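# Summary of the model geometry
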Amino acid sequence: TKRPVYSPRNAAIQKANDDLQKQKEEAELKALDDENTKRTLLTKTQTTSGSAPRSEDGELIIKRREVHSGRAISVSTVEWSVAEKTAVPTSALEGFMWDKEAEVDRFRERVPLPNLLSQVKVSMMDPGSSKPRDWIGPILQSADAANGKFVIIPECKRMEPTMGSLRKRYNIPKLVKQFTQAGAPAISINCDGVLFGGTLEDITAAREAASSAAVAMSTEDGVIAPPVLASDLILYPYQLYKLRLAGADAISLVAGSLSNKDLLYLTKIAKSLQLQVVISVSTKVQIQKVMNSLDKGSFAALSVTNRDMETFGFDENGSQAISLLESSELAELKEKHGDDLPVFAEGRVGLINHEGDSSAYIQKLKEAGAFGAFVGSGLAKKKEGM
């Protein structure tokens, strides 16, 4: 009759295997939920002191963190100095920078800079260790292959300060695998732990997941694992060394948080580490800063953002990015750095509706000269069905 023969023993083994697999999956989901809860609790909400002061050119005036502030108290005949955080940041960016400085101080306590430099030197000399890959190259190739197609760079981030958690379960390997299978030429990973709930381990996990997915998809023509951009608020070379060890291929610098001198210095350090640089700007003044501070070829791409650095909210209609793309300042920068410099847009791309259609806004960005866009919240919300 060719009917399968029922075996109580085989049935029991199969049930035991199914139960074991179910327990394993439940444990993995619980671990993800626990990590999401932990990262959510660790992130901070920025509290500001009101309207932020600005310079004559309209830029936010940023003060660095107070380290040795305190007040004196007397106990019996002994006077003590008690540390007290009395300063309140005047903008979300300033508060973000203060918290980031404190985070870097904690990293330095665990691994002093000389030790970290030694680790980086060993890694760079070790032929078996992973090396930074070309980040912008696959993006340019993707655009060329599609005759100037608008390139979407997916961004993975756990949280958004103005929106909260973006996904029910934030699974970096799973997301990166999906983006790799979908043909993403490169990926951005937000590894900031202050506002976005990220970690340095996210960079390592993303690189490994992209490589594994590319190997599984390998054909005769070959499949290139998408390189990884580490998105963070970088203020010190120390952070660049950590990102190099974590496996980043490129890093982002926020022009509004850096002086001309710091922007130049960090770009040079990144180049010495073979890390490509993407610079994010939110104003025309910052575009001029980039143009005046950096030489041609010192950074791989520019990104214009819809984010308001005073509140960390977004320009809801997306006009900020459009204005920057169409500005004379950007045209002047491209004259100096080359008309082929890739310029991306970021900030609610995929969520902003232009004439009732989110794709219409993307078309408007392309017409304004954008080469592509970083899309994080837009992909997350569509994936979650929101």
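Residues numbered from 1 in each chain as written. Predicted model: local features only at pLDDT ≥ 70, side-chain atom pairs only at ≥ 80, totals over all residues. Heavy atoms only, no water.

### Notes on the overall build of the chain
Rules: Going along the chain from the N terminus, every DSSP run of H or I of four or more residues is numbered as a helix, and every run of E of two or more is numbered as a strand. Note on classification: 1.4 Å probe, protein chains only; a residue is buried when its accessible area is under 20% of the maximum for its type, exposed when over 50%, partly exposed between these limits. Whether two residues are in contact is decided by their heavy atoms: any pair within 4.5 Å suffices. Where accessible areas are quoted, they stem from the Shrake-Rupley method and a 1.4 Å probe; at the residue level, only the protein chains shown are allowed to cover.
Scanning the chain from N- to C-terminus turns up 13 helices and 12 strands. In the chain, buried positions account for 47% of the 386 residues. Taking as baseline every contact in the chain between residues at least 6 positions apart, the subset at least 24 positions apart corresponds to 74%. Only carbon and sulfur atoms are counted for the fraction: they give 51% of the accessible area of the chain, which is about 20100 Å².

### Considerations on the pattern of salt bridges
Basically, it comes down to this: Criterion for a salt bridge: a side-chain nitrogen of Lys or Arg within 4 Å of a carboxyl oxygen of Asp or Glu.
If you walk through the whole model with that rule in mind, you get 12 salt bridges. With a closest N to O distance of 2.8 Å, K157 and E160 form a salt bridge. E160 is the partner of R307 in a salt bridge, and the nearest nitrogen-oxygen pair spans 2.9 Å. In this pair, R307 sits in the loop between β10 (301-305) and α10 (319-325) while E160 sits in strand β4 (residues 159-160), placing the two residues 147 residues apart along the sequence.

### Observations regarding the packing of aromatic side chains
Rules: For Phe, Tyr and Trp, where Trp contributes only its six-membered ring, two rings pair if their centres lie within 6.5 Å, and the inter-plane angle classes them as stacked under 30 degrees, edge-to-face over 60, or tilted in between.
If you walk through the whole model with that rule in mind, you get six aromatic pairs. Ring geometry for F96 versus F312: centroids 5.5 Å apart, planes at 85 degrees, classification edge-to-face. Residue F96 is found in helix α2 (residues 92-110), and its partner F312 is found in the loop between β10 and α10; the two are separated by 216 residues along the sequence. For the pair F96 and F312, one class covers both residues: buried.

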